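# Examination of the molecular architecture
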Amino acid sequence: MDYEFKKIEKKWQERWNEAKAYKASEDRSKPKFYCLEMYPYPSGKLHMGHVRNYSIGDVLARFKRRNGFNVLYPMGYDAMGLPAENAAIQKNIHPREWTLNCIELMKEQQHQMGFSYDWDRMVSTCLPEYYKWNQWIFIQFFKNDLAYKKKVPINWCKKCGTVLANEQVIDGLCWRCDTEVEEKELEQWLFNIRKYADELLDSLDDLKEWPEKVKLMQKNWIGKSVGTEIIFQVTDSELIIPAFTTRPDTLFGVTYLLMAAEHPMIPELIENSPEKEKIDTFIAKTKKKSRIDRLADTQDKDGIFTGRYFNHPLTGEKFPIFVADYVLMDYGTGAVMAVPAHDQRDFEFAKKFDLPIRVVITPDKDNPLRVEEMEEAYVDPGMVVNSDKFDGMTNENAKKAITNELKSKGLGDFSTTYRLRDWLISRQRYWGTPIPIIYCDSCGIVPVPEDDLPVVLPDDVKFTGEGNPLDTSPTFSKAACPECGEPARRETDTMDTFVDSSWYFLRYLSPDDSEKAFDSEKADFWLPVDHYIGGITHAILHLLYARFFIKALRDLGLTKISEPFKRLTTQGMVLNNGEVMSKSKGNVVDPGKLIDKFGTDSIRTFILFAAPPEKEYDWNDDGIFGASRFLNRIWNMVSDNKEILIKYGKSETTYRYETKEEKQLARAIEAATKQVTESIESLHYNTAISGMMELFNELRDFITAVSGFQTNDVQAALVSKGILRLLSLLNPFAPHITEELWEAIGGEGFISLSDWHKYDPSLLATDEITLAVQVNGKVRGQLVVSSDLSEEEIKEQAQQVPNVSKFLNGNIRKIIYVKNRLVNIVV
């Protein structure tokens, strides 16, 4: 009989809500556990990725509550961003209205899924009560030289009318609308994240419970390199080109210089070149290439001669300057000294453009490398050759010696560079946090007084799809200077929405506080987040920015911790036929329809059984039928045994068993408890569900095999214990059906808040004995068996011992007896 999941789910969601069953407080009598998933962008209804992400977190939160932890498990919405503006244009609706409607839709489905959030702590970043504190934090950063404005080259999408991060430019096109991206220079606001580059890098080692791949991605993004900056003088010019290198030991092997297409000196270098148009075309073509393509080892290296030369800093020789597609502006200085004998990309480039190759490092000084015999660059350590007075040194020693030589001549010095650039937060759009700055002709840049926060987004704007809607407001940009009172202009840029998500986990601690961004005492209690769950797509930017924020807030005296997230899980994507689900592909699986057809508990159980959280999963409709059948079988097992469950459900917790079958069931109950407990702790939810299925099978087989067990006190109590334990273990995964069945058999309170069962290790230990097996008085082998085997079972197993069985072949008559740990076989 199928249970009425719709009625049951609604009933228990209302009960939990009325009882505020999952409300958290700063109860110091229990160990705290802050469980958090990355909050969603409210685009409308949930998708299967959301369902998987939140189901992973909810099981963990429920499990920790029942293990005596004081659990904080909140939810909110990352509610700012360009999609809302696009919706305003397409649907003729204000972004605020569209966003709040989407939040309600998403929140309703999250309620349907039975997620055990403390909804009293909900935050929405689009509300002034939240973004007021974005503005307050910005002002603290501004006062402490962590926020500043300067002219920077940016990626500009004309259609979207906004700045794009490098990661948002794909093959030269805007990631949102496929419009060709232009490069412009604009005055922009930035956060000084580079100030924390070393700490962000070094403290990755403290994150013992983060995936190594995520830490490596952040390490590469920060991109610290220790080396030398060398000054190259442009021939017949006052211009100098600084270039960073980690290989100053190869300086005498330089035969050309490479510059990034984005290098700001190029226009001046090529200003009078007869090939200027051709060079400009190459530069424009290069800028349209993706970063991945420009750096890929498999791509053919391309470049163009600028027509200009430079003088070697130590030899005075003249060499050409090229623009190359594989040099990036965000590494070092955007210029690279090319040493083709000792860098593979330079080697390939030199071969292509017929440039000189000079060997300056050789593995064997008595048998040096010969250029004409080289098929690839030599990049390993060795001895320095062809390098004047540095010949004969190891290349490691030469790095320091050559740098010191350059330093003494004022032509270079030791240097450390970072790939990490300061965080550009300016966005030319409406639906974001207004930057709280006023420009005064007399006083300059002036922050909005804190008492005047929040600077609220105006309603008198036009959404045309062109430019910044805030510039269309006749009132917003007009302001009085806070210092002199004269008419002034308000900043119309808004903040990157990553600002919102860089500290939202702090706002959950005191979401209704109107006096401060967050309560520092509560932060001291709850932080760091004990377990953070979200997609691998946020491995770099969001997680890096959140780490930067917490360190900056620490230095401002607002919190004591240095890392926001103790343990991180990055869940895999839910695919459909090997492809990412998307509306444009028409392959989206709608959770709402599945909830209506199968119920929430079936969806939760299935999505967590399908694959480990960190693995991708390719959606399969068949699996949800299996999860639904499993829950229905449990429903029927409880219904069929309701009387004994009511009678024995509250009996003593110690086991009583008399037969081998009874002991086997008792052992199965404890084995399942151990497996489910350990699997949840390690987030191996699929093996936890497997353990419960095995326990169900053991119970079913016992009930089927042992007739009349209902009238046997020992057996009835044992079956009751097993079924109750199964409900308890299943509860974090399928909370609605287990609450209903718990109530039906007389359970008190919420099973969701009952104590988690600790497994009994004594029942899991198998007592074994070793028996000698002899044939006609001579020992032929040994037999290790469980101490609870019957004599007949021992006799049967003894005949299978390899050295024994060969003596028994063909012998029909056997006399076997067991005595004093000896199996005697007489043939």
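Residues numbered from 1 in each chain as written. Predicted model: local features only at pLDDT ≥ 70, side-chain atom pairs only at ≥ 80, totals over all residues. Heavy atoms only, no water.

## Remarks on the overall build of the protein chain
When you go through the protein chain residue by residue, the secondary structure sums to 27 helices and 34 strands. Principal-axis analysis of the C-alpha atoms places the extent of the protein chain at approximately 105 × 80 × 50 Å. Residue burial in the protein chain is summarised as follows: out of 827 residues, 55% are buried. Contacts in the protein chain between residues far apart in sequence, at least 24 positions, make up 72% of those at least 6 positions apart. Carbon and sulfur atoms form 48% of the exposed surface of the protein chain, whose accessible area is close to 37300 Å². Measuring between centres, the 104 positive side-chain charges of the protein chain sit 3 Å from its 125 negative side-chain charges. (Helix = DSSP H or I, 4+ residues; strand = E, 2+ residues; numbered from the N terminus. Buried < 20%, exposed > 50% of the residue type's maximum accessible area, 1.4 Å probe, protein only. Contact = heavy atoms within 4.5 Å. Areas by Shrake-Rupley, 256 points an atom, 1.4 Å probe, with all protein chains shown as cover. Lys, Arg positive; Asp, Glu negative; His and termini not counted. Charge placed at Lys NZ, Arg CZ, Asp CG, Glu CD.)

## Things to note about the environment of Pro74
Here Pro74 lies in the loop between β2 (70–72) and β3 (76–77). For the pair formed by Pro74 and Lys23, sequence separation is 51 residues and the distance between their alpha carbons is 9.3 Å. When sequence neighbours within four positions are dropped, the list of residues in contact with Pro74 reads Tyr34, Cys35, Leu36, Tyr117, Asp118, Arg121 and Tyr508.

## Looking at the pairing of strand β11 (residues 240–245)
The sheet contact formed by strand β10 (residues 225–234) and β11 spans 6 bridges and is antiparallel. Its bridge partner being in β11, Gln233 is matched across the sheet by Ile240. Between β10 and β11, which pair antiparallel in sequence order, lie 5 residues; one of them, Asp236, sits at a positive phi of approximately 55°. (Pairing = 2+ DSSP bridges.)

## Topic: the sheet that holds strand β21 (residues 437–440)
Read across the sheet, 4 strands follow the order β22-β21-β24-β23 without closing on themselves; strand pairing throughout is antiparallel. Looking at strand neighbours, the two that pair on one side only are β22 (444–447) and β23 (478–480), the edges of this open sheet. With strand direction ignored, the average angle separating the axes of adjacent strands in the sheet is 40°. Across 3 bridges, the pairing between β23 and strand β24 (residues 487–490) is antiparallel. Among the inter-strand pairings, Ala480 is bridged to a residue of β24, identified as Pro487. (Axes fitted to C-alpha atoms, helices over the stretch in contact; angles between N-to-C directions.)

## Observations regarding the packing of aromatic side chains
Per the counting criterion, the structure on display carries 50 aromatic pairs. One aromatic cluster is present, formed by Phe138, Phe141, Phe142, Trp189, Phe191, Tyr196, Trp423, Phe498, Tyr545, Phe548 and Phe549 through successive ring pairs. In this structure, Arg15 is placed above the aromatic ring of Trp12, and the distance from its NZ or CZ to the ring centre is 4.6 Å. One Lys or Arg, Lys318, reaches over the ring of Tyr309 and ends 4.9 Å from the middle of that ring. (Phe/Tyr/Trp six-rings, centres within 6.5 Å; stacked < 30°, edge-to-face > 60°. Lys NZ or Arg CZ within 6 Å of the ring centre and 35° of its normal.)

## A short note on the domain arrangement of the protein chain
Partitioning the protein chain into structural domains gives domain 1 (6–125 + 498–593), domain 2 (139–192 + 422–495), domain 3 (227–417), domain 4 (622–764) and domain 5 (768–826). On a C-alpha basis, the centroid separation for the pair domain 2 and domain 3 is 38 Å. Taken together, the two surfaces of domain 2 and domain 3 that pack against each other cover about 450 Å², and 37% of this comes from carbon and sulfur. On the domain 2 side of the interface with domain 3, the three residues burying the most area are Asp171, Glu180 and Glu183, jointly 69% of the side's total. At the surface where domain 2 touches domain 3, the tally comes to 0 residue pairs in polar contact (both at pLDDT 80 or more). For the side of domain 2 that touches domain 3, a count of residues per class yields no nonpolar, 2 polar and 3 charged. (Domains from an automatic or database assignment. Buried area = accessible area lost by both parts, 1.4 Å probe. Polar contact = N/O pair within 3.5 Å; in protein donor to acceptor, adjacent residues only side chain to side chain. Nonpolar A, V, L, I, M, F, W, Y, C, P; charged D, E, K, R; others polar.)

## Considering helix α2 (residues 48–66)
Counting along an α-helix, one turn takes 3.6 residues, and residues three or four places apart therefore face a common direction. End to end, α2 covers 27 Å across 19 residues, agreeing with the expected 27 Å (1.5 Å per residue, within 8%). For α2, a buried count of 18 out of 19 residues is recorded, marking the element as mostly surrounded by other parts of the structure. Gly68 sits one or two positions beyond α2 and adopts a positive phi of about 90°. (Expected span 1.5 Å × (residues − 1).)

## Quick notes on the environment of Tyr326
Following the sequence through the fold, Tyr326 ends up in the loop between β14 (318–324) and β15 (335–338). Judged by its relative accessible area of 3%, Tyr326 falls in the buried class. Along the backbone, Tyr326 and Thr286 are 40 residues apart, and their C-alpha atoms lie at a distance of 9.0 Å. Once residues lying within four places of it in the same chain are set aside, the contact partners of Tyr326 are Tyr256, Leu258, Arg294, Leu295, Lys301, Arg345, Asp346 and Phe349. In terms of polar contacts, Tyr326 uses its side chain to reach the side chain of Asp346, at 2.7 Å.

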